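Here are the chains, one letter per residue:
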Amino acid sequence: LQRLSVFAGGFALDGAAVVGAADGVAPNDVLDLLDHLVDKSLVAFDAPTERYRLLETVRQYALEHLAESGDEAASRDRHLDFYVALAQRAGSEILGPAQDTWHKRLDAERENILLAFDRARIAPEGGTAGLALLHGLDMWITLSNFEFWRGVVLEALAHPGAQQESAMRSRALRPAVMIAYATGRYEEAFALAQANVRIARACGDLHAVGVALGNLGYMAITVGRGADAREHFDEGLAVARQVGDSRLVADMSFCMGELLSQQGQLERAERCYLEALPGLGDDRVNAAGAFSNLARNAIALRTEAKAVHYLREMASITARKYTGPVAVYFLSNCADLAALREEWALALQLSGAADSIREQHGLSGDYVDARFHTASIAPAREAMGASATAAIAAGRAMGVDAALREAEAWLDALP
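Residue indices follow the written sequence of each chain, beginning from 1 at its first position. Reporting in this predicted model follows two pLDDT cut-offs: at least 70 for local features of residues, and 80 or more for side-chain atom pairs to be given and counted; totals over whole chains, interfaces and linings ignore these cut-offs and use all residues. Remark: hydrogens and water are excluded; side-chain values derive from all non-hydrogen atoms of the structure.

K.L.:
Please explain the packing of helix α6 (residues 110–120) against helix α7 (residues 126–141) as it appears in this structure.
P.N.:
In a pair of packed helices, the angle between the axes and the distance between the axes together describe the arrangement. Two elements in contact, α6 and α7, have axes separated by 8 Å at closest approach and are oriented at 150 degrees. With respect to their mutual orientation, α6 and α7 come out roughly antiparallel. Considering how the two elements wind past one another, α6 and α7 form a crossing that is left-handed. The residues of α7 that touch α6, namely those facing Arg110, Ile113, Ala116, Phe117 and Ala120, are Gly126, Gly127, Ala129, Gly130, Leu133, Leu134, Leu137 and Trp140. Axis lines are fitted through C-alpha atoms, for helices just across the contact stretch, and the angle between N-to-C directions can take any value from 0 to 180 degrees. Numbering of helices and strands starts at the N terminus; helices are DSSP runs of H or I of at least 4 residues and strands are runs of E of at least 2. The labels follow the angle: roughly parallel below 35 degrees, roughly antiparallel above 145, roughly perpendicular from 65 to 115, and oblique for the rest. For any helix crossing, the convention is left-handed if the near helix is rotated counterclockwise from the far helix by under a right angle, and right-handed if that rotation is clockwise. Here a residue-residue contact requires only that any non-hydrogen atoms of the pair lie within 4.5 Å.

Spelled out as structure tokens, the structure:
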């Protein structure tokens, strides 16, 4: 019970088996001991989620006794070790068929993950542990609450024990790049991406070089270095083919599509996005991003039927469950399509809803998307005149779920 008090916000059996097992308690004993504590109402068990938790009063009492016992540091270190291992498993599986399962698990573990980052600040090998957490949790922490996670990421990277230019530091830089990009800090993102490539090259980690080149090319677009971006993507594609990574090949095709879109070569960009889709496999988040880009370009080309098709595919592939950024993409694209159809009030309403979600998650990047959206929605603002502000405000006040359901219902009714 004392050892379990180091968890926050609940825990699963696998975590309890690592943290609770020591000094005469074997991992195989943990389930029976947990059942005993549940029977005594010292630990609560939630059957639908298969998670345990201590009542806060019990937790504080047990934590006090843990500190008195001299076992607190070791228990917190085991807690950190468990979440580093969990992060590494998540990183290797979160883009596959278990994507939804991993997102739910990590969402449930958020408080414990933050405790692990806190422990990494002072643990003996905390610098390395912090980098491992960043690398494993990359595809989870870069989906929401960007300003909050930016602080966590930069603190972990600044740890004195994390300064060695290792393959792990190179991999841990990726979330820092993407968060800087998402929050509109393009020069910072570009500088971090340059460091990422340099360290990956120095370590001789070809796969990391390929990933880093893709990120650097993407950031080069945002700082007006289109020619450099193409070179980075071309080299990254060659590396991806050399290491035989079909997912990395798909990522490069996706990135090249963004460059071509920015340059106004929309038909060529469409081919790149379509070529990327098969390689994304079970990664529904990034597949939704590809369909979003396809819809955006179709709207820019004024091919309404294609835009409707791509937006329906986007809704379908996400099972109509959207992360923060994907919700923004979907609502923005629907707003742009409504503007194309001269449904001005709806266009501004959905645009306002998208703006509200952006602010909620601290999302101000989306370099290529933002420029398309500004141009697409401008006719609606002009047509509505003095009423535009009220329409946008109505959208901002709708709430995420209501805005998404309205956009989906409208989209479903289109020919």
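Don't stop here, the text continues.
K.L.:
Please clarify how the side chain of arginine 51 should be interpreted in this entry.
P.N.:
Considering the arrangement of structural elements, one finds arginine 51 in strand β2 (residues 51–53). Leaving out residues up to four positions away in the same chain, arginine 51 has contacts with Gly9, Gly10, Phe11, Ala12, Ala44, Phe45, Asp46, Arg105, Ala108, Glu109 and Asn112.

K.L.:
Can you walk me through the pattern of salt bridges in this structure?
P.N.:
Pairs can form between side chains of opposite charge once their charged atoms are near each other. When a carboxyl oxygen of Asp or Glu lies within 4 Å of a side-chain nitrogen of Lys or Arg, that pair is called a salt bridge. Considering all chains together, one arrives at 28 salt bridges under this definition. A salt bridge links glutamate 147 to arginine 185, with the nearest nitrogen and oxygen atoms 3.1 Å apart. Remark: arginine 185 occurs in the loop between α9 (167–182) and α10 (186–203) and glutamate 147 occurs in helix α8 (residues 146–158); sequence separation between them is 38 residues. We call a residue buried when its accessible area falls under 20% of the maximum for its residue type, exposed when it is over 50%, and partly exposed in between, using a 1.4 Å probe and counting protein chains only. The exposure class assigned to arginine 185 is partly exposed, which follows from its relative accessible area of 26%. Taken together, the shared-partner salt bridges connect Asp14, Arg51, Arg89, Arg105 and Glu109 into one network.

K.L.:
Help me understand the packing of α7 against α9 in this model?
P.N.:
Interaxial distance between α7 and α9 falls to 8 Å at its minimum, and their mutual angle equals 40 degrees. Taken as a pair, α7 and α9 cross one another with a handedness that is left-handed. Taken together, the residues of α9 that come into contact with α7 (itself represented by Leu131, Ala132, Leu134, His135, Asp138, Met139 and Ile141) are Met168, Arg169, Arg171, Ala172, Arg174, Pro175 and Ile179. For this scheme, ten residues count as nonpolar: Ala, Val, Leu, Ile, Met, Phe, Trp, Tyr, Cys and Pro. Four count as charged, namely Asp, Glu, Lys and Arg, and the remainder, Gly too, count as polar. When grouped by side-chain class, the residues that make up the contact of α7 with α9 number nine nonpolar, one polar and four charged.

K.L.:
Before we go on, may I ask you to explain the environment of alanine 383 in this structure?
P.N.:
Take alanine 383: it is sitting in helix α19 (residues 367–384). For the pair alanine 383 and tryptophan 344, spaced 39 residues apart in sequence, the C-alpha to C-alpha distance is 7.1 Å.

K.L.:
What am I meant to see in the packing of aromatic side chains here?
P.N.:
Pairs were defined over the aromatic rings of Phe, Tyr and Trp, the Trp ring being its six-membered one, requiring ring centres within 6.5 Å. Orientation was assigned from the angle between planes: stacked under 30 degrees, edge-to-face over 60, tilted for the rest. Using the criterion set out here, one finds 12 aromatic pairs in the structure. Between tyrosine 181 and tyrosine 218 the ring centres are 5.5 Å apart and the planes differ by 85 degrees, which places this aromatic pair in the edge-to-face class. Placement of the pair is tyrosine 181 in helix α9 and tyrosine 218 in helix α11 (residues 206–222), with a sequence separation of 37 residues. Of the two residues examined, tyrosine 181 and tyrosine 218, each falls in the buried class. Three or more aromatic residues joined by ring pairs make a cluster, and in this case those are Phe7, Phe11, Phe45, Tyr52, Phe82 and Tyr83. The ring of phenylalanine 148 has arginine 110 sitting right over it, with the charged end atom 4.9 Å from the ring centre. The criterion for a charge sitting over a ring is simple: Lys NZ or Arg CZ within 6 Å of the ring centre, and within 35 degrees of the ring normal.

K.L.:
Any chance you could explain the state of the cysteines here in plain terms?
P.N.:
Among covalent bonds in proteins, the disulfide is the one between the sulfur atoms of two cysteines. Count a disulfide wherever a pair of cysteine sulfur atoms falls within 2.5 Å. Under the defined criterion, the tally for this structure stands at zero disulfides. As a non-bridged cysteine, cysteine 272 has cysteine 255 as the owner of its nearest cysteine sulfur, 10 Å distant. With relative accessibility at 11%, the residue cysteine 272 sits in the buried group.

K.L.:
Any chance you could explain the nonpolar core here in plain terms?
P.N.:
In globular proteins that are soluble, nonpolar side chains generally tend to be buried together. Buried residues of nine kinds, namely Ala, Val, Leu, Ile, Met, Phe, Trp, Tyr and Cys, make up a nonpolar core once their side-chain atoms join them within 4.5 Å. In this structure, Phe330 and Leu337 are the most contacted members of the largest nonpolar core, which totals 140 residues. When near neighbours in sequence (up to four residues on either side) are disregarded, phenylalanine 330 contacts Leu311, Met314, Ala315, Tyr322, Leu404, Ala407, Glu408 and Leu411.

K.L.:
Explanation requested: unusual backbone geometry in the structure shown.
P.N.:
Both trends apply: most residues other than glycine have a negative phi, and most peptide bonds are in trans. Even without being a glycine, glutamate 50 presents a positive backbone phi close to 55 degrees. Structurally, glutamate 50 is set in the loop between β1 (44–46) and β2. The class for glutamate 50 is exposed, based on a relative accessible area of 55%.

K.L.:
Looking at this structure, how should I read a negative patch on the surface?
P.N.:
On the surface, Asp29, Asp32, Asp35 and Asp39 cluster together to form a negatively charged patch. Along the chain, aspartate 39 turns up in helix α2 (residues 30–39). Owing to a relative accessible area of 66%, aspartate 39 belongs among the exposed residues under this scheme. Residues forming no salt bridge and having over 30% relative accessible area are the ones grouped into patches, like charges within 9 Å of each other and nonpolar side chains (Val, Leu, Ile, Met, Phe, Trp, Tyr) within 5 Å. Calculation of accessible area relied on Shrake-Rupley with a 1.4 Å probe; when residues are assessed, cover is drawn exclusively from the protein chains displayed. The convention is simple: Lys and Arg are positive, Asp and Glu are negative, and His and the chain ends are not counted. Lysine's charge is taken at NZ, arginine's at CZ, aspartate's at CG and glutamate's at CD.

K.L.:
Explanation requested: α10 in the structure shown.
P.N.:
Owing to its 3.6 residues per turn, the α-helix brings residues three or four apart onto one side. Every helix has an expected span of 1.5 Å times one less than the residues it contains. Its 18 residues give α10 an end-to-end C-alpha distance of 26 Å, which sits within 8% of 26 Å, the value for a rise of 1.5 Å per residue. Those residues of α10 not exposed but buried are Tyr186, Ala189, Phe190, Leu192, Ala193, Ala195, Asn196, Val197, Ile199 and Ala200. Looking one or two places after α10, you find glycine 204, whose phi comes out positive at around 70 degrees.

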